[in-house]
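Summary of the model geometry
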Amino acid sequence: MPYRLFVEPFQLPFMARALAEALLLGVLGGVVSVTVVLRRLAFVSDALTHTVFPGVVIGYLVAGTGGIVWGALGFALLSAVLLTVLPSNRRVTEDAALAILLTGFFSVGVVLVSRRSSYTADLTAFLFGRILTVDRREIVETAVVTAVVLAVLAVVGKELLLRAFDPGAAAALGYRVRLLDLVANVVVALVVVAAVKAVGTVLVIALLIVPAAAARLLTGRLAVLVAVSVLVGTLGGYLGLAASYQASVYYGLRLASGATVVLALVALYVVAFVVGALRRAGGRRRADRREADLVAEAA
Amino acid sequence: MADRELSPALQFEHASVAYGRTPVVEAVHGDVHPGEAVALIGPNGAGKSTLIKAVLGLVPVVGGRITVLGRTPAQARREVAYVPQADTLDPEFPVSAGQVVLMGRYRRIGWVRRPRREDRQVAAEALRAVGLADRAGDRFGLLSGGQRQRVLLARAIAQQPRLLLLDEPFNGVDAVSQDALLTALHGLRAGGAAVVVSTHDLALAHLTCDEVCLLNRHQFAFGPTEQALTPELLRAAYGGQALVTDEAVVAR
Amino acid sequence: MSVFSDAYARRALVEVLLVGALCGVVGVHVVLRRLSFFTMSMTHATFPGIVLAALLGLNLYLGAGVFGALLVLAIAWLWSRPGTDESSVVGVVLSAGFALGVVLLSAQSGFTKNLSAYLVGSVLAVQVGDLAVTAGVGVAVLLLLAALGKELVLGAFDRSGLRTLGYPARLLDVLLLLAIEATVVSAVPAVGVILSVALIVAPAATARLWTDRLATMTVLAVGLGALSGLAGLVISQLVGVSAGAAIVLVACGLFAVSWLGAPRYGVLSRFRHRAAIA
């Protein structure tokens, strides 16, 4: 039974490729989601997934499927800059500005798509991805992006951490906080670009938030946080694909694979939530016992 | 001015307050009578804010008792007013000084109903008491820090409370606003309200308050300033961190 | 105007005017309390409710409404738990909800034409029943906001002040969140799941750039919301693009213009001001 569930699906070439892509994205998402969650960048990241959409459409209109990544990249970088440089107009709170920016860009994408006759199919693919049709070239692209992002984080990781924890101190030490933010936003944007073919723009946000959010429920130590986050990311990809295959082959349900991956991630989050809650309850009981021992000693 | 004949507005009976299991402040014991002012003095982290929140019924009392106007803190809340520090509020919020003061009347106005003429009159009077009647129409955020603090005091005054709690109201406040605050507090006490002020400023405490409660996680003293603010007690409470240089102030 | 000669166009017009106005009013609270991300999450996470209702043959509004209400309560509960921070919880719920909706939809028969209607709206397909729901929700939300208005504003301005006055702050929060969710549900036929945030946030954010007074801001937001609906619908008919997207682009465009040009708080006026001082 385990073989049927966990190994058999991936003997098929297209499933194996999908798995490779999902695992890479799991690592990428796992690592980057730590910055997103620690910096509370969830909304900024969500905004980036939407502002990339018109780039995806334009890339496709201009150069077919191969153009998607370039269109996404261009708009991702543009968005990262805009979102960083957004002059802090006191009257406009950051969250309102993000909401307006992302829906505005997204609407541009919708308008462009709605002029075509294959409206719905195209929209679906852009938004939800087609992980089961990734080819070798795309896997390589994702691997390259992963390597680049890991390298960047290796270089400026501790500075980003400092900025996340104490921007005042970072500025006082001479770091250009805006520049660090730009780097962080560009990294997130790159993840969006890498994932857009596989899971689509709408579901990327899950990869950018859920792994680290789940890990955060279990630990406060950074190294452990990153490890658990990567574990969740990759496990989610694996389980999600396996589940989608099972449903399709054995139950006749054609489930969108990108979405099942996300649901697997969320399921892991729920598990982490329960484990975290149980540990806290157990910890309290242990503390109570210790207190009782002390009282007994004193008496 | 203080009327010790009447029962206390606020009574601490060996009170301890805690958020969770570990008490934040312990062994607080003393009374505040109508018309009296008591200063809560202690270093940062001493638990002054927590104690104030306990009087408001927002933090549990885990030992002893706190009696407010003869009732439990939660029951007495309608007649207790709180003045927070003004810097926590959004200066861009579209609300005028007059509207902020009117907020103090909401409990009396009640759910669903709109403010009546009487409420507006009380609010205007409260703004006059802090010397900002001419700024009623200005956006709250346009006022200076000290003026905003005065508006928040006016909001509390508009509640027509019998007990007033202030959290570090003089922090970073300019001299003019400080004077206005002190004048308004004096007026409140004359009207029979009891006042509790947490502050760092020993000189101000001396100037304005009848008694002092010196604390740092537990009470070191509760009594008239000459008795409570001796050099030894101050050193004990501040853990050697306070520079007691002006003997004259303390000895007075 | 010849654009509105057909019945369906007239129904669409009434719908966008109603939705625009309602979103304007609710948007004021969303903007003042910085609830844009929460609203975004609500629009996404309501999606499976709509799909479930469609699959089960139930009324779409009912499905979306009940599902959304449950979500609001779940989020409010999660926010009070240790180890979670607000935005991550919202992000997780957003992802979970939307993925669930997608899975359900794809399980039904792969993706169907309905998807784009959910995502970006199909205002030209609204029926009289939809109008009735929008109007009903609008009235209910307006009554709630009018009744609790002063307490909600106090809570937005000074939450701890609300608590110390003895108000049940959490309950008021939840009521507002439910009102936002109800608005989102009624806006979905017009502008869809992804774009309804814009109609809620943009008019109110725009209004804020023009005035210091809450009452004026509310009136402006309502006007801008309705105007966006009208102009967007007309443009979409004339040019032949998605109505939902056109409406949102108008709303965002109005914001952009105000962000640049509003007398005191627009970017340009501050440049001029700085230049004048220098």
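Note that the structure is predicted; figures quoted are calculated from it, not measured.

Regarding its fold elements, chain B presents 11 helices and 9 strands. In summary, chain B has a C-alpha radius of gyration of 18 Å against a globular reference of 18 Å for 252 residues, a match within 12%. Dimensions of chain B, computed from the C-alpha atoms along their principal axes, are close to 50 × 40 × 35 Å. Per-residue burial for chain B yields a buried fraction of 48% across its 252 residues. Within chain B, counting contacts between residues at least 6 apart in sequence, those at least 24 apart form 68% of the total.

In terms of helices and strands, chain A carries 12 helices and 0 strands. Its helices and strands in sequence order give chain A the pattern α-α-α-α-α-α-α-α-α-α-α-α, from N to C terminus. For 299 residues, the compact-globule estimate of 2.2 N^0.38 gives 19 Å, and the C-alpha radius of gyration of chain A, at 21 Å, lies within 12% of that figure. If you line up chain A on its principal axes, its C-alpha atoms span 85 × 60 × 35 Å. The 299 residues of chain A split such that 52% are buried. Here the contacts in chain A between residues at least 6 apart in sequence split such that 76% fall between residues at least 24 apart.

Residue and element names in this part refer to chain B. The strand order S5-S6-S7-S3-S8-S9 describes an open sheet built from 6 strands, whose pairing is mixed. Each edge of the open sheet carries a strand with a single partner, namely strand S5 (80-83) and strand S9 (219-224). Neighbouring strand axes in the sheet, compared pairwise and without regard to direction, differ in orientation by 15° on average. As defined by bridge partners, strand S3 (residues 37-41) adjoins strand S8 (residues 211-215) across 4 bridges and the pair is classed as parallel. Directly across from Val-38, in S8, lies its bridge partner Glu-211. The sheet contacts of helix H1 (residues 48-55) involve S3, strand S6 (163-167), strand S7 (194-199) and S8, and relative to S6 the element is tilted by about 155°.

In this section: the interface of chain C and chain B. Taken together, the contact between chain C and chain B spans 18 residues of the former and 15 residues of the latter. Where the side of chain C that touches chain B is concerned, the elements lending two or more residues are helix H7 (128-157), helix H8 (159-164) and helix H10 (214-239) of chain C. In terms of residues, the side of chain C that touches chain B owes the most to one element, H7 of chain C, which gives 5 residues. In terms of residue class, the side of chain C that touches chain B is built from 7 nonpolar, 5 polar and 6 charged.

Right, let's get into the interface of chain A and chain C. In many analyses, interface size is given as the accessible surface area lost on bringing the parts together. On the side of chain C, 47 residues touch chain A, which itself brings 48 residues to the contact. Secondary-structure elements contributing two or more residues to the side of chain A that touches chain C are helix H3 (42-51), helix H6 (94-114), helix H7 (119-128), helix H10 (177-216) and helix H12 (257-298) of chain A. The biggest single contributor to the side of chain A that touches chain C is H6 of chain A, with 12 residues. For the side of chain A that touches chain C, the residue count by class is 31 nonpolar, 10 polar and 7 charged.

Time to look at the sheet that holds strand S4 (residues 61-68) of chain B. Residues and elements named next belong to chain B. Strand order in the open sheet made by the 3 strands is S2-S1-S4, with antiparallel pairing throughout. Edge positions in the sheet fall to strand S2 (23-32) and S4, since each of these pairs with one other strand and no more. This sheet shows a mean twist of 15° between the axes of neighbouring strands, independent of strand direction. Pairing geometry for strand S1 (residues 10-18) and S4, over 6 bridges, is antiparallel. Looking at the pairing, Ser-16 lines up with Gly-63 of S4.

The next thing to look at is H1 of chain B. All names here are of chain B. The element H1 is extensively covered by neighbouring structure, given that 6 of its 8 residues are classed as buried. Along H1, the positions that sit buried rather than exposed are Lys-48, Leu-51, Ile-52, Lys-53, Ala-54 and Val-55. Phi for Gly-57, located one or two positions after H1, is positive at around 85°.

All right, on to the confidence of the model for chain B then. Residues and elements named next belong to chain B. On average, residues of chain B score 88 in pLDDT, and 93% of them reach the 70 mark or higher. pLDDT under 50 marks residues 246-252. Its contacts with residues more than four places away, or in other chains, come to 9 contacts. Among the prediction metrics, the complex's ipTM stands at 0.87, with pTM recorded as 0.84.

A few words on the pairing of S9 of chain B. Residues and elements named next belong to chain B. Pairing between S8 and S9: 5 bridges, direction antiparallel. Following the sheet pairing, Leu-215 is matched in S9 by Gln-219. In this structure, the hairpin formed by S8 and S9 is closed by a connection of 3 residues, where Arg-217 is found at a positive phi of approximately 70°.

All names here are of chain A. Contact geometry for helix H4 (residues 53-63) and H6: axes closest at 7 Å, N-to-C directions at 30°. Taken together, the axis directions place H4 and H6 in an arrangement best described as roughly parallel. In the crossing of H4 with H6, the sense of the turn from one axis to the other is left-handed. Taking contact as the criterion, the partners of Phe-53, Pro-54, Val-57, Ile-58 and Leu-61 in H4 are, on H6, Phe-105, Phe-106, Val-108, Gly-109, Leu-112 and Val-113. Classifying every residue of the contact of H4 with H6 by side-chain character gives 10 nonpolar, 1 polar and no charged.

Moving on to the packing of H6 of chain A against helix H9 (residues 169-208) of chain C. Where H6 of chain A contacts H9 of chain C, the two axes come as close as 9 Å, and the packing angle between them is 130°. The orientation of H6 of chain A with respect to H9 of chain C, classified from their angle, is oblique. Note on packing geometry: the crossing formed by H6 of chain A with H9 of chain C is left-handed. Contacts between H6 of chain A and H9 of chain C involve Ala-96, Ala-99, Ile-100, Thr-103, Phe-106 and Ser-107 of chain A on the former and, on the latter, Ile-194, Leu-195, Val-197, Ala-198, Val-201, Ala-202 and Ala-205 of chain C. Residues of the contact of H6 of chain A with H9 of chain C, tallied by class, amount to 11 nonpolar, 2 polar and no charged.

Moving on: the nonpolar core. Counting residues in each nonpolar core, the largest one holds 295 residues, and the members touching the most others are Val-192 of chain A together with Val-201 of chain C. By residue number, the principal contributor to this core is H10 of chain A, which donates 28 residues. Excluding residues that lie within four positions of it along the chain, Val-201 of chain C makes contacts with Ala-96, Ala-99 and Ile-100 of chain A together with Gly-27, Val-30, Val-31, Ser-36 and Thr-39 of chain C.

Procedures and definitions
Residues numbered from 1 in each chain as written. Chains lettered and ligands numbered in written order. Predicted model: local features only at pLDDT ≥ 70, side-chain atom pairs only at ≥ 80, totals over all residues. Helix = DSSP H or I, 4+ residues; strand = E, 2+ residues; numbered from the N terminus. Rg over C-alpha atoms; globule rule 2.2 N^0.38 Å. Buried ≥ 20, exposed ≤ 12 C-beta atoms within 10 Å, placed from the backbone. Contact = placed C-beta atoms within 7 Å. Pairing = 2+ DSSP bridges. Axes fitted to C-alpha atoms, helices over the stretch in contact; angles between N-to-C directions. Nonpolar A, V, L, I, M, F, W, Y, C, P; charged D, E, K, R; others polar. pLDDT = per-residue confidence, 0-100. Parallel < 35°, antiparallel > 145°, perpendicular 65-115°, else oblique. Left-handed = near helix turned anticlockwise from the far one by under 90°. Core = buried A, V, L, I, M, F, W, Y, C linked by C-beta atoms within 7 Å.

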